[in-house]
Amino acid sequence: MKRLMLIACLAAPFLPVNVQAQQNRVEISITPVTGPVYMLQGGGGNIGVVADPLGVLMIDAMETPSSDQIRAAIKSLPGGERVRILVDTHWHSDHTDGNKSLGLGAAIIAHENVRPLMGGEQDQPGRKAGAGPAAALPNVTYSDRLTVYAGGEEIRLVHYSHAHTDGDTVVFLDKSKVVHMGDMFFNGRFPFLDVANGGDIDNWVRQIDAILAVLPADSKIIPGHGPLASTADLKAFRQMLYDSAEIVRKEMKEGKTLEQVKAAGLPERFAPWSKGFMSRAGLPQPGETGRQVTPQALTAPSPPPELDSATTTRRR
Ligand SMILES: [Zn+2]
């Protein structure tokens, strides 16, 4: 059901505003993670919330039509009447569109590469839009790392370059052993890779390795999409990225064209990853047999020009 609702959400840019608002009314679920930390799901990328009597710290903001439901969901938490700090894990609109509502009056923090992207023309598949309003842009930016304090937690924001985009922030809550990875982690599903804005599959794998090296084994991980995760889930995602890129890289070395690579697809063992919104990327429907079609995001790095342009995606 959630998948259907999410697909409706993604289709929304083509609809009139009133219909769009109606169709975007998705159910927002709130999951206690540990201590003051909660996870919200349902209207875009997963949100992390750190309750604090002075006003919550929120990590990502989903899409604007869900903002009222998000406010209602966090109202019962300490400080839930006010968003004091909002962290944007990266620039994609399914994580930042809600800045327009939830970020008003808040410190909106993001990596320094995020603000120019959100402040420029929005060129995303199926949707072009003007620059985001000034009030919704990050008003605090950082280059490598930044520490903020909320909910009795020392909250570390760390930039990992050239992964899902080149503006990714991972949020570490060491005391609670929780981390929000934004779209550097799609739990149990194929990701998008924003090649046009610095995303790089090889470096993404390396950056996940760097994160795994410092995470306690019993950490709880809030992914950008998918259910609350463990370090074992993150390792599985990392391996899927690596293995699928290796397969495509080998085919490219053999001189195959993009069309041939897509037609060959990935082995059947990758089928469980083809769920969520990436299931729309030309993958076989349930009941179809044969190999899975390679999602555009998973083509290998440094491709020849004809592959490079085809692998570019700007959203998620
Ligand atoms: Zn994204």
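Before reading on, note that the structure itself is shown above.
Residues numbered from 1 in each chain as written. Predicted model: local features only at pLDDT ≥ 70, side-chain atom pairs only at ≥ 80, totals over all residues.

Engineer: Requested: an account of the overall build of the protein chain, with residues and values cited.
Structural biologist: A count of helical and extended segments in the protein chain gives 10 helices and 14 strands. Burial statistics for the protein chain: of 316 residues in total, 47% are counted as buried. A fraction of 64% describes how many contacts in the protein chain between residues 6 or more apart in sequence connect residues 24 or more apart. (Helix = DSSP H or I, 4+ residues; strand = E, 2+ residues; numbered from the N terminus. Buried ≥ 20, exposed ≤ 12 C-beta atoms within 10 Å, placed from the backbone. Contact = placed C-beta atoms within 7 Å.)

Engineer: Can you tell me about the environment of Pro227, naming the residues and giving the values?
Structural biologist: Inspection of the secondary structure puts Pro227 in the loop between β14 (220–222) and α8 (231–253). Here Pro227 falls in the partly exposed class, since 13 other C-beta atoms lie within 10 Å of it. In this structure, the C-alpha to C-alpha distance between Pro227 and Gln41, residues 186 residues apart in sequence, is 8.6 Å.

Engineer: Tell me about the nonpolar core, and please be specific about residues and values.
Structural biologist: Ranked by internal contacts, the top residues of the largest apolar core, which has 68 residues, are Ile47, Val49, Met58, Leu86 and Val171. Residues lining this core come from more than one domain, with at least three contributed by each of domain 1 (2–244) and domain 2 (247–311). The contacts of Met58, once residues within four sequence positions are left out, are Ile47, Val49, Val83, Leu86 and Leu102. (Core = buried A, V, L, I, M, F, W, Y, C linked by C-beta atoms within 7 Å. Domains from an automatic or database assignment.)

Engineer: Which residues make up the pairing of strand β6 (residues 107–111), and what are the values?
Structural biologist: In terms of burial, β6 is largely enclosed, as 4 of its 5 residues are buried. One ladder, built from 3 bridges, connects strand β5 (residues 83–87) with β6; its direction is parallel. The residue of β6 that forms the bridge with Leu86 is Ile108. Both β6 and strand β9 (residues 140–142) contribute to a ladder of 3 bridges, which runs parallel. Note on β9: the bridge partner recorded for Ile109 is Val140. (Pairing = 2+ DSSP bridges.)

Engineer: If you had to explain the environment of Lys262 to someone new, which residues and values would you point to?
Structural biologist: Within the fold, Lys262 resides in helix α9 (residues 258–264). Overall, Lys262 belongs to the partly exposed group, with 18 C-beta atoms counted inside 10 Å. Considered as a pair, Lys262 and Val248 are 14 residues apart in the sequence and their alpha carbons are 9.2 Å apart.

Engineer: With reference to specific residues and values, describe unusual backbone geometry.
Structural biologist: Positive phi values are uncommon outside glycine, yet Met62 reaches one of about 55 degrees. Looking at the secondary structure, you find Met62 in the loop between β4 (56–59) and α3 (67–74). Under the C-beta neighbour-count criterion, Met62 is labelled buried, with 30 such atoms within 10 Å. For Lys177, which is not a glycine, the phi torsion comes out positive at approximately 55 degrees. Here Lys177 is to be found in the loop between β12 (168–173) and β13 (178–180).

Engineer: Please set out the sheet that holds β14 residue by residue, giving values where relevant.
Structural biologist: Spatially, 5 strands are ordered β10-β11-β12-β13-β14 in an open sheet, and the strand pairing comes out mixed. The sheet is open, and its two borders are formed by β10 (145–150) and β14, each paired with just one other strand. When strand polarity is set aside, the average angle formed by the axes of neighbouring strands in this sheet is 20 degrees. Both β12 and β13 contribute to a ladder of 3 bridges, which runs antiparallel. For Phe172, the partnering residue across the bridge sits in β13 and is Val179. (Axes fitted to C-alpha atoms, helices over the stretch in contact; angles between N-to-C directions.)

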